[in-house]
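Inside the fold
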Protein chains: 2
Amino acid sequence: MREFRTTSLADQVFDKLENDIILGVYPRGEVLTELKLVEQLGVSRTPIREALRRLEQERLINDTGKGSVVLGITEEDLLDIMNIREHIEALAAYYATVNATDDDRKELRHIMDLQDFYYSKWDVEHLRQVDDAFHDTICFMSRRAVITDTLVPLHRKTRRYRRQAMQDKERASHTLAEHHEICDAICSGDAELARSLLSKHIENAKIYMLGRK
Amino acid sequence: MREFRTTSLADQVFDKLENDIILGVYPRGEVLTELKLVEQLGVSRTPIREALRRLEQERLINDTGKGSVVLGITEEDLLDIMNIREHIEALAAYYATVNATDDDRKELRHIMDLQDFYYSKWDVEHLRQVDDAFHDTICFMSRRAVITDTLVPLHRKTRRYRRQAMQDKERASHTLAEHHEICDAICSGDAELARSLLSKHIENAKIYMLGRK
DNA sequence: GATTGTTTTAATGTATACAATTATACTCAA
DNA sequence: TTGAGTATAATTGTATACATTAAAACAATC
């Protein structure tokens with residue numbers, strides 16, 4: 001039986017609040033106070049404070065000294081995130097191709113299979129999760145800490161909008177086809193192709209979500 | 001008399017540790033325990049823990065559950081940071097030019113004057129500070145939260161290497177000249193020129209610090 | 001009625017006590 | 001000497017008490 005390291009309350013609080021803020025459960029402008037969260041979440045102030053400090057570091061909230069204001073992700077933020085990802089994730093794809101191990105390529109192909117499976121079942125929530133896995137795996141495969149640490153939080157912050165986009169079956173099919181192309185480029189070792197395909201992939205997603213801006 | 005808001009101990013601890021890690025006072029691999037820091041810094045565990053959570057969020061340390069391992073900034077990290085900045089700071093320069101107010105332009109020109117002053121005095125530490133101010137101001141002028149929040153920490157993390165580079169008077173003079181060109185482009189409203197000049201400026205710094213990689 | 005000064009309340013900042021966990025040191029037997 | 005088992009110490013996780021600050025409510029004066 002595999003042992004799981006129990007995650008601390010502070011981590012759980014952070015994960016929950018981060019997700020809720022990104023998905024808009026706590027809307028922009030809402031004020032979170034430690035005491036309110038103590039009541040809502042049933043833990044003491046210590047883990048809540050630590051979670052709030054981390055959320056602040058990610059700029060999802062802004063501490064006023066008298067409650068923390070939820071910032072969340074605006075459409076302007078989304079545009080910037082996609083513009084940044086367009087450049088940096090292309091870099092990740094390049095390094096991923098260069099540094100990929102056989103296991104990495106196997107893993108990526110497995111993700112493609114899962115993706116096709118969930119598409120055939122038309123399971124939108126799992127499709128979104130597999131989209132996470134696809135992009136995070138490419139980051140990981142790059143073996144570049146700074147690139148990964150820059151991209152993963154940005155990608156997480158688009159969750160709400162990606163979930164929306166996945167509802168559109170035609171758009172989802174387009175996304176999946178691009179993922180396959182990128183996977184093939186990485187697995188065949190063509191780093192420059194992988195770079196340009198991923199850049200184009202993000203640009204297309206940006207245009208779909210925001211129009212050409 | 002101007003009133004300063006007293007910064008919390010937690011903030012002070014974060015600032016100090018961040019700076020010391022970036023400058024290498026705590027070398028990569030060193031293990032920081034809360035108790036040791038309590039003794040060294042003379043504050044209780046609460047503010048220290050909050051600072052550690054933030055440092056972990058910035059990936060400057062890695063919490064093992066039994067002490068936090070200092071990660072710091074490696075040369076590989078520096079290369080990635082410069083590659084990322086090359087793209088994103090160019091974007092910032094573009095928006096900065098588009099969104100600049102008269103006050104912004106005045107502020108930027110003032111920074112140029114300070115820069116020339118400290119160069120004439122050959123005050124390296126202040127030159128490095130003014131370099132911070134130059135790049136941070138352009139970020140701020142872009143009025144784009146995500147771009148700023150992505151760039152400012154990355155820029156801070158290069159402090160140690162920039163300080164080194166500023167020691168070289170010929171290199172510093174080159175840097176300063178490029179800053180003037182960029183300032184002129186931004187103030188004249190040529191966004192595309194500002195973008196390409198800033199990209200080139202970062203690339204040159206990268207090449208100086210790391211060679212062509 | 002507006003304004004000033006005071007009281008109260010709500011919120012955060014900090015220290016510390018206690019619990020739980022994990023590594024270390026130690027003891028004793030084979 | 002080595003190894004198992006246990007005690008000890010070190011460290012973090014969590015809750016909570018106390019201090020401090022800032023906002024809100026309120027009262028009193030002009």
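Structure: see above.
We now turn to the structure provided with this report. (Residues numbered from 1 in each chain as written. Chains lettered and ligands numbered in written order. Predicted model: local features only at pLDDT ≥ 70, side-chain atom pairs only at ≥ 80, totals over all residues. Heavy atoms only, no water.)

**Description of the protein's contact with DNA strand C**
If you check the shell around DNA strand C, you find 17 residues, and the closest are A:Arg45, A:Arg49, B:Leu9, B:Ser44 and B:Thr46. A share of 49% of the atoms of DNA strand C within 4 Å of the protein falls on sugar and phosphate groups. Between A:Glu34 and DNA strand C, the recorded distance is 3.1 Å, taken from a backbone N or O atom to a phosphate oxygen. Taking B:Leu9, its main chain carries an N or O atom lying 2.6 Å from a phosphate oxygen of DNA strand C. Among the secondary structure elements, those contributing two or more residues to the surface near DNA strand C are helix H2 (34–41) and helix H3 (45–57) of chain A together with helix H1 (9–23) and helix H3 (45–57) of chain B. If one sorts the elements of the surface near DNA strand C by residue count, H3(B) sits on top with 3 residues. Among the residues forming the surface near DNA strand C, the class breakdown is 5 nonpolar, 6 polar and 6 charged. (Near = heavy atom within 4 Å. Polar contact = N/O pair within 3.5 Å; in protein donor to acceptor, adjacent residues only side chain to side chain. Helix = DSSP H or I, 4+ residues; strand = E, 2+ residues; numbered from the N terminus. Nonpolar A, V, L, I, M, F, W, Y, C, P; charged D, E, K, R; others polar.)

**Here we look at the sheet that holds strand E1 (residues 31–32) of chain A**
Residues and elements named next belong to chain A. In space, the 3 strands of this open sheet follow the order E1-E3-E2, with antiparallel pairing throughout. Strands at the two margins of the open sheet, each flanked by one partner only, are E1 and strand E2 (61–63). Two strands pair when backbone bridges link them, and E2 and strand E3 (residues 68–70) are joined in this way by 3 bridges, in the antiparallel orientation. If you follow isoleucine 61 over to E3, its bridge partner there is valine 70. (Pairing = 2+ DSSP bridges.)

**Some thoughts on the interface of chain A and chain B**
Of the residues lining the interface, 29 residues belong to chain A; the matching set on chain B comes to 29 residues. The largest contributions to the chain A side of the interface with chain B come from A:Glu50, A:Gln57 and A:Val146, which together make up 22% of the buried area. Put simply, B:Arg59 and A:Asp149 hold a salt bridge, and the shortest N to O gap is 3.1 Å. Linking chain A to chain B there are 10 residue pairs in polar contact (both at pLDDT 80 or more). When contributions to the side of chain A that touches chain B are tallied by element, the ones reaching two or more residues are H3, helix H4 (75–99) and helix H7 (145–156) of chain A. Ranked by residue count, the leading element in the side of chain A that touches chain B is H4(A), at 11 residues. Tallied by class, the residues present in the side of chain A that touches chain B amount to 11 nonpolar, 5 polar and 13 charged. (Contact = heavy atoms within 4.5 Å. Buried area = accessible area lost by both parts, 1.4 Å probe. Salt bridge = Lys/Arg side-chain N within 4 Å of Asp/Glu carboxyl O.)

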